[in-house]
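The primary structure of each chain is shown beneath.
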Amino acid sequence: MPNKSLFARLFASNRGGSIFLGILAAFAIIVPVFNLAVPESSALHMSTYTVTLLGKYLTFALLAIALDLVWGYCGILSLGHGAFFALGGYAMGMYLMRQIGDRGVYGNPELPDFMVFLNWPELPWYWHGFDMFWFAMLMVMLAPGVLAFVFGWLAFRSRVTGVYLSIITQALTYALMLAFFRNEMGFGGNNGLTDFKDIMGYNLQQDSTRVALFLASAIALALAYLACHYIVTSRFGRVVIAIRDAEDRTRFTGYKTESYKVWIFTFSAVLSGIAGALYVPQVGIINPGEFSPLNSIELVVWVAVGGRGTLYGAALGAGLVNYAKTFFTGALPEVWLFALGALFIVVTIFLPKGIIGLIGKLKNKRRAEKAQAIGLNPNAETES
Amino acid sequence: MKQLDQLREFMRRDRVFDFVAEERFPFTSGVRPVRPGVVDISKGPILYIENMTVSFDGFKAINDLTLYINHGELRCIIGPNGAGKTTMMDCITGKTRPDSGTVFYGQTMDLTRMSEYEIAQVGIGRKFQKPTVFPHHTVFENLELALYTDKSVWPTLIAKLSGEQRDHIDEVLRIIGLIDQVHRRAGLLSHGQTQWLEIGMLLMQKPLLLLVDEPVAGMTHQESERTAELLTSLAEEHSVVVVEHDMDFVRSLARTVTVLHEGRVLAEGSMDQVQNDPKVIEVYLGETAH
Ligand SMILES: Nc1ncnc2c1ncn2[C@@H]1O[C@H](COP(=O)(O)OP(=O)(O)OP(=O)(O)O)[C@@H](O)[C@H]1O
Ligand SMILES: [Mg+2]
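Since we're looking at a predicted model, the values are computed, not measured. (Residues numbered from 1 in each chain as written. Chains lettered and ligands numbered in written order. Predicted model: local features only at pLDDT ≥ 70, side-chain atom pairs only at ≥ 80, totals over all residues. Heavy atoms only, no water.)

Visitor: Which parts of the structure should I look at to understand the overall build of chain A?
Guide: Broken down by element type, chain A carries 15 helices and 4 strands. Considering chain A as a whole, with its 384 residues, one finds that 49% of them fall into the buried category. Within chain A, contacts between residues separated by at least 24 positions form 76% of all contacts whose residues are at least 6 apart in sequence. Here chain A holds 27 positive side-chain charges and 21 negative ones, and the gap between their average locations is 15 Å. (Helix = DSSP H or I, 4+ residues; strand = E, 2+ residues; numbered from the N terminus. Buried < 20%, exposed > 50% of the residue type's maximum accessible area, 1.4 Å probe, protein only. Contact = heavy atoms within 4.5 Å. Lys, Arg positive; Asp, Glu negative; His and termini not counted. Charge placed at Lys NZ, Arg CZ, Asp CG, Glu CD.)

Visitor: How should I be thinking about the site of ligand 1 in this particular structure?
Guide: Residue and element names in this part refer to chain B. The immediate surroundings of ligand 1 are formed by 13 residues, with N81, K85, T86, T87 and H245 found nearest. K85 has a polar side-chain atom sitting 2.8 Å from an oxygen atom of ligand 1. Q129 is positioned with one of its side-chain polar atoms (N or O) 2.9 Å from an oxygen atom of ligand 1. When the free accessible area of ligand 1 is taken as 630 Å², the share hidden by the protein chains comes to 62%. Broken down by secondary-structure element, the contributors of at least two residues to the shell around ligand 1 are β2 (59–70) and α2 (85–92). Class assignment for the residues of the shell around ligand 1 results in 4 nonpolar, 7 polar and 2 charged. (Near = heavy atom within 4 Å. Polar contact = N/O pair within 3.5 Å; in protein donor to acceptor, adjacent residues only side chain to side chain. Areas by Shrake-Rupley, 256 points an atom, 1.4 Å probe, with all protein chains shown as cover. Nonpolar A, V, L, I, M, F, W, Y, C, P; charged D, E, K, R; others polar.)

Visitor: Mind showing me how you'd approach the sheet that holds strand β7 (residues 209–213) of chain B here?
Guide: Strand pairing in a sheet relies on backbone hydrogen bonds. The paired strands run either parallel or antiparallel. All names here are of chain B. The strand order across the open sheet formed by 6 strands is β6-β7-β8-β3-β9-β10, and the pairing between neighbours is mixed. The open sheet terminates on both sides in strands that have one partner only, identified here as β6 (124–127) and β10 (264–269). Neighbouring strand axes in the sheet, compared pairwise and without regard to direction, differ in orientation by 20° on average. As judged from the 5 bridges shared by β7 and strand β8 (residues 239–243), these two strands associate in the parallel manner. Across the sheet, residue L211 finds its bridge partner in β8, namely V241. Here helix α7 (residues 191–204) sits on the sheet in contact with β6 and β7, set at roughly 175° to β6. On top of the sheet, helix α8 (residues 221–234) reaches β3 (74–78), β7 and β8; it is set at about 145° to β8, its chief contact. (Pairing = 2+ DSSP bridges. Axes fitted to C-alpha atoms, helices over the stretch in contact; angles between N-to-C directions.)

Visitor: In this structure, what is going on with the pattern of salt bridges? I would like to understand it.
Guide: When their charged atoms lie close together, side chains carrying opposite charge are able to pair. Residue and element names in this part refer to chain A. Here the structure, examined in full by the defined rule, presents 19 salt bridges over all chains. Measuring nitrogen to oxygen at the nearest pair gives 3.9 Å for the salt bridge that ties D131 to R98. Note that D131 is positioned in the loop between α5 (113–117) and α6 (133–157) and R98 in helix α4 (residues 81–100), a separation of 33 residues in sequence. The class of D131 is partly exposed, set by a relative accessible area of 40%. (Salt bridge = Lys/Arg side-chain N within 4 Å of Asp/Glu carboxyl O.)

Visitor: How should the coordination of the magnesium ion (ligand 2) be read in this particular structure?
Guide: Residue and element names in this part refer to chain B. Protein coordination of the magnesium ion (ligand 2) is provided by T86 (OG1) and Q129 (OE1), with donor distances spanning 1.9 to 2.1 Å. A residue pair is termed long-range when its members are at least 10 positions apart, and T86 in helix α2 and Q129 in the loop between β6 and α4 (139–146) qualify at 43 residues. What makes T86 partly exposed here is its relative accessible area of 26%. (Donors = N, O, S within 2.8 Å, 3.2 Å for Na, K, Ca; no water.)

Visitor: Would you take a moment to explain the interface of chain A and chain B for this structure?
Guide: Where interface size is quoted, it is often the accessible area lost as the parts come together. Between chain A and chain B, the residue contacts involve 31 residues of the former and 42 residues of the latter. Summing both sides of the interface, chain A and chain B together bury roughly 3,400 Å²; the carbon and sulfur share of this comes to 60%. Viewed at the interface, chain B and chain A are joined by 5 salt bridges. When the shortest N-O distance is used, the salt bridge between B:K95 and A:D248 registers 3.5 Å. (Buried area = accessible area lost by both parts, 1.4 Å probe.)

Limitation: the analysis is restricted to geometry and does not speak to function.
Listed below in structure tokens is the structure:
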């Protein structure tokens, strides 16, 4: 029902979301303590490697929530969301490159190493300003946001939907990958941007910096979740779901559906950019491989596995699939892609609503059994 | 702050300044101003379709059709399958653009140059041939989404239901008889209930012109009687155009009937008149003879 208080909307009547935020908060407390406060000799000590790995999963979870917002709620299956993630990552990477200063191999205070290597006389215009953190952060949101806005405006206004839309989003990320591979683009070509030293003056190799980045990822994920939940439970969110289910009806009801789609797509792209920006300092590199179409497809699998249209399901899927990936690529690297493909097939056929849907189903079954046991007529119809 | 208020006062859009009023500009006297966004029904008809033609790959689904609907009228449109009834509604609501001809809403609004959402916002509501509601929303939410209000992106994001709007929803719920189902998901409603919900959604938009495509398809006899009552009660305040195949239903509405055939008007008049029209008999008998 509409008109609930903000608190009720975000927490009280949102059980799954509250559990998700609770788990996230627990992680945000436990991880720093076990890494920084527990001595290394103790069995309970958490290695910085693990902290960074978990931080990386959190950025993936954020990206998955962003995709779920457009796919699960608005029915826009974007197969190019990795592009927005990578653009955010590049914007952050440019800031980190400028932070290196004269500590590069060539010791040039102004130019990153790869530009010196290419004999570039000066910084290209689009690299200016990236020495300032606030400017870089602005670009983290603006670059993916503007691209998504322009792309969405063109695509949705021409009423491109369904498979065609998916294909052109895929083409978008592929085109960007090819462009970023080129040295002349000025983003480090093949090698991308790497060898970062500091972020805001703090050494990236230090444990405390890693923990801070982990915490930043957790906070960004929580805030993004709350923002998305606010959106999907607003009337705007109900319009977006209406567009997914019956776009024509929504239009004839008086909504300019393309505007709704453009805005939700843009917001999702901005969130993806933020995820990318948090990802890059933790893994220490950004290269054109992040634009690879395969990445965007993997992202779709995360969301499908977790369960579309719940937000936290997407985050869960991102965590689980990436945990499996870390495990497989360590133990049986050649099996991973097959496992991923099989997972996708199994989920689409047997779990159309993903793991969250499965949990819901099991719960309903138990409730029905209980009701039968005490002789009540099980109310088969559940309402969401 | 004061200057700002003055500026606002000056920029107000809902007022005609004295200096444009009639006495100062005698040459405009007698000419009523065309007000954007306001339907001009002063001449009687609310809808003017003139010489409209629509073709799909050379096949003329609508062929030089001319049709007027009066304000407050309840008009039934009948015609064999493929006569172009749904295509005509598509043209009125902006879904299909006619190849030639004009479609005016009131005397001033050219519907062929407006998009679907604009047409809906100026007060034309449409019920689809295949009933369409939002299946994952509750009955209440379906009506809420159809509410007559600012439907642009930002206001919708922060929208809250006012008491007045809630009353409007309650009123429509009563009219369509779905009070008991208010929190039920629309996808779980019966066929007849879905039809009513869709009509209810039209009413939420406070339309002036209702286009209703086959409202009683799949309804029981009782249900279609109630639908006939509902549509009759809506006329006068609204203009209603009903497309229907069910002759008993059309007869029970007992108003002007227009027969469409091959994209043009074949006959027009009372039900008895058109039923005895030899051209109409030929078209309908010719069809059953196949
Ligand atoms: N998008 C389209 N493309 C091609 N042909 C179309 C299209 N829409 C309608 N037609 C054709 O135009 C003709 C008129 O169709 P329309 O749907 O308007 O008929 P109708 O009077 O509503 O019929 P029914 O009573 O069966 O609903 C039909 O022959 C149909 O095949
Ligand atoms: Mg039809």
